[in-house]
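A look at the structure
Listed below, chain by chain, are the residues.
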Amino acid sequence: MLSVWVGTFNLGTWVPKDKDEVDISHWIRGPKNFPAKAPDVFVFGFQELLSQPANALQIPTNGYIEYYMGTQPRDTSILSAWFDIINSSLSQIYRGEEFEHVISRRLCALGMIVFTKKNKDKKWSLNLVRSGEIGLGLLGLYGNKGAIGIQLEFISTKKDSSGKSHPISLCFISSHLQAHEGAVFFEQRKDDATHLFENLKFDLVTDNTSLEEPDSEVLSSVGLSGHDAIWFFGDFNFRLRGKPLRQYVLDLIDSSDFEKIQSIDELKLVLQTRSHKYLRYFLEGKIEFAPSYKYSLDPLRLASEKLSDRYATSRLPAYCDRILISTTHQLVETSNVDMEPLTTISQEWYFCASKINYSDHKPVSSLFLLRQNSESAERKLTIRNELLDLRRRSAWSFWKIVFQRVFRFWINARIPIFVFALLFFIFIILCY
């Protein structure tokens with residue numbers, strides 16, 4: 001059994017000045033200070049690490065591995081502060097336990113940090129690490145919106161009756177999708193997700209296996225298929241459908257009728273109708289907390305006993321920050337692959353840390369327990385080989401999202417078509 005903690009936090013461009021005064025234990029512990037025992041894997045996803053002006057100055061393709069396997073960070077102003085905060089928090093919460101830093105990666109204002117608990121009983125060992133990133137911002141390219149992906153492969157030290165050790169492959173995708181309310185932006189978020197799943201590619205970071213070297217394409221250009229579990233999480237920016245009256249939503253919040261709020265949630269509609277090509281394979285746990293966005297930063301309002309008073313007046317409250325999981329091992333349609341999950345996963349809790357007031361978003365976290373089925377290793381290899389043949393990373397997929405963005409921009413901007421055509425022609429020239 002392997003336990004995995006996953007968390008997402010949109011910092012709203014807030015940068016910690018004194019690391020010793022930052023307390024994220026509420027986010028890590030979850031409800032009722034649970035669990036007492038440290039999970040095996042911790043995955044932290046961050047959005048809006050930088051202010052908008054600073055983010056705009058970042059190079060669009062600057063995704064890179066900041067540091068790996070316990071080495072000290074190269075970037076002292078962005079992820080390193082959160083590395084120190086997380087490292088200190090884990091040590092304080094789980095006294096007597098030791099933790100190892102696995103990998104950190106940043107794309108403009110997005111970041112991901114992964115820690116693992118030191119395996120004293122040696123049930124699992126980290127075998128392989130891959131990582132990747134993709135921009136989803138301006139015209140589907142820029143890194144102010146986008147996703148970071150990290151894949152971890154563990155191998156069990158316990159052998160089965162035939163003397164084989166079975167690996168377990170985990171994939172984590174932290175994302176920040178298009179913002180704003182309305183049907184146009186809703187469709188754009190779905191397009192972003194499609195573009196992400198079709199084009200996110202992972203490169204090998206390290207390979208600790210002593211097995212024969214796999215095919216180079218499998219190592220250096222792996223997509224999103226063939227894993228025991230895939231977590232898709234972050235600030236998805238999905239809002240409430242139909243522009244409901246603000247007071248109606250606030251009344252539902254005060255009455256803790258969160259189920260009724262979710263009945264008009266955009267993402268819930270997509271998941272329930274299974275209408276999206278890739279999101280149809282994902283599940284979400286039961287939400288029993290208030291919307292995670294948009295909170296006021298006024299200390300007086302945050303201290304109000306009335307929950308609805310704590311929200312900012314500039315936006316309608318929404319469940320922007322989410323954690324989804326898939327165990328089907330495929331994100332493309334094929335009749336040749338068995339859809340039964342290879343790993344049994346239970347979600348222990350799904351939690352919003354409402355006591356943390358650093359941002360207009362509240363951090364969200366969840367704890368999962370994974371139990372691998374005995375036949376999963378052989379089936380997973382078959383699935384990976386089949387799905388590698390089905391991957392389509394054509395240039396058309398890239399330009400399709402660009403043209404969709406351009407068309408929507410023209411419709412919303414309502415500028416003369418000849419002016420827009422000129423601007424788009426200049427953009428194409430600059431791209432080349």
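Below you will find a few notes about this structure. This is a predicted model, so every value here is computed, not measured.

**As for the packing of aromatic side chains**
Evaluation of the coordinates by the stated rule reveals 28 aromatic pairs. Each ring, one from Trp-14 and one from Tyr-358, has its centre 4.4 Å from the other, and the planes form 5 degrees; the classification is stacked. Of this pair, Trp-14 sits in the loop between strand 1 (2–10) and helix 1 (25–29) while Tyr-358 sits in the loop between strand 12 (343–352) and strand 13 (364–372), and the two are 344 residues apart along the sequence. Both rings, one in Phe-232 and one in Phe-282, keep their centres 6.0 Å apart while their planes meet at 55 degrees; by these two values the pair is tilted. Of the two residues, Phe-232 is situated in strand 10 (residues 229–235) and Phe-282 in the loop between helix 8 (266–273) and helix 9 (299–302); the sequence distance between them amounts to 50 residues. Through a chain of ring-to-ring contacts, three or more aromatic side chains come together here, namely Trp-5, Phe-9, Trp-14, Trp-27, Phe-42, Phe-44, Phe-46, Trp-82, Tyr-94, Phe-99 and Tyr-358. The ring of Phe-186 carries the charged tip of Lys-190 above its face, separated from the ring centre by 4.4 Å.

**Quick word on the side chain of Asp-360**
As for its position among the elements, Asp-360 is in the loop between strand 12 and strand 13. For Asp-360, a relative accessible area of 16% corresponds to the buried category. A distance of 3.3 Å separates polar atoms of two side chains, one belonging to Asp-360 and the other to Ser-359. With residues near it in sequence (within four places) discarded, Asp-360 still touches Gly-12, Ser-292, Tyr-293, Lys-294, Tyr-295 and Leu-297.

**Considering helix 4 (residues 183–199)**
Taking 1.5 Å of rise per residue, 17 residues should cover 24 Å, and helix 4 covers 24 Å from first to last C-alpha, within 8% of that figure. When helix 4 is considered as a whole, its buried residues turn out to be Phe-186, Gln-188, Arg-189, Lys-190, Asp-191, Asp-192, Ala-193, His-195, Leu-196, Phe-197 and Asn-199.

**A short note on the pattern of salt bridges**
This model, assessed by the stated rule, comprises 13 salt bridges. We note a salt bridge from Asp-360 to Lys-294, for which the minimum N-O separation is 3.5 Å. Of this pair, Asp-360 sits in the loop between strand 12 and strand 13 while Lys-294 sits in the loop between helix 8 and helix 9, placing them 66 residues apart in sequence. Connected through shared salt-bridge partners, Asp-265, Lys-268, Glu-284 and Arg-322 make up one network.

**Considering unusual backbone geometry**
With omega at 0 degrees, the peptide bond leading from Tyr-293 into Lys-294 counts as cis. Although it is not a glycine, Thr-13 adopts a positive phi angle of roughly 70 degrees. As for its position among the elements, Thr-13 is in the loop between strand 1 and helix 1. For Thr-13, a relative accessible area of 28% translates into the label partly exposed. If you check the backbone angles, His-180 has positive phi at about 85 degrees while not being a glycine. Along the chain, His-180 turns up in the loop between strand 8 (167–176) and helix 4. With relative accessibility at 37%, the residue His-180 sits in the partly exposed group.

**Re the pairing of strand 4 (residues 99–107)**
Within strand 4, eight of the nine residues are buried, leaving the element largely enclosed by the surrounding structure. Across eight bridges, the pairing between strand 4 and strand 5 (residues 110–117) is antiparallel. Opposite Ser-104, over in strand 5, you have Ile-113 as the bridge partner. In this antiparallel pair of consecutive strands, strand 4 and strand 5, the connection spans two residues, and Cys-108 shows a positive phi of 50 degrees.

Conventions and cut-offs
Residues numbered from 1 in each chain as written. Predicted model: local features only at pLDDT ≥ 70, side-chain atom pairs only at ≥ 80, totals over all residues. Heavy atoms only, no water. Phe/Tyr/Trp six-rings, centres within 6.5 Å; stacked < 30°, edge-to-face > 60°. Helix = DSSP H or I, 4+ residues; strand = E, 2+ residues; numbered from the N terminus. Lys NZ or Arg CZ within 6 Å of the ring centre and 35° of its normal. Buried < 20%, exposed > 50% of the residue type's maximum accessible area, 1.4 Å probe, protein only. Polar contact = N/O pair within 3.5 Å; in protein donor to acceptor, adjacent residues only side chain to side chain. Contact = heavy atoms within 4.5 Å. Expected span 1.5 Å × (residues − 1). Salt bridge = Lys/Arg side-chain N within 4 Å of Asp/Glu carboxyl O. Pairing = 2+ DSSP bridges.

Everything listed is a geometric property; what it means functionally is a separate question.
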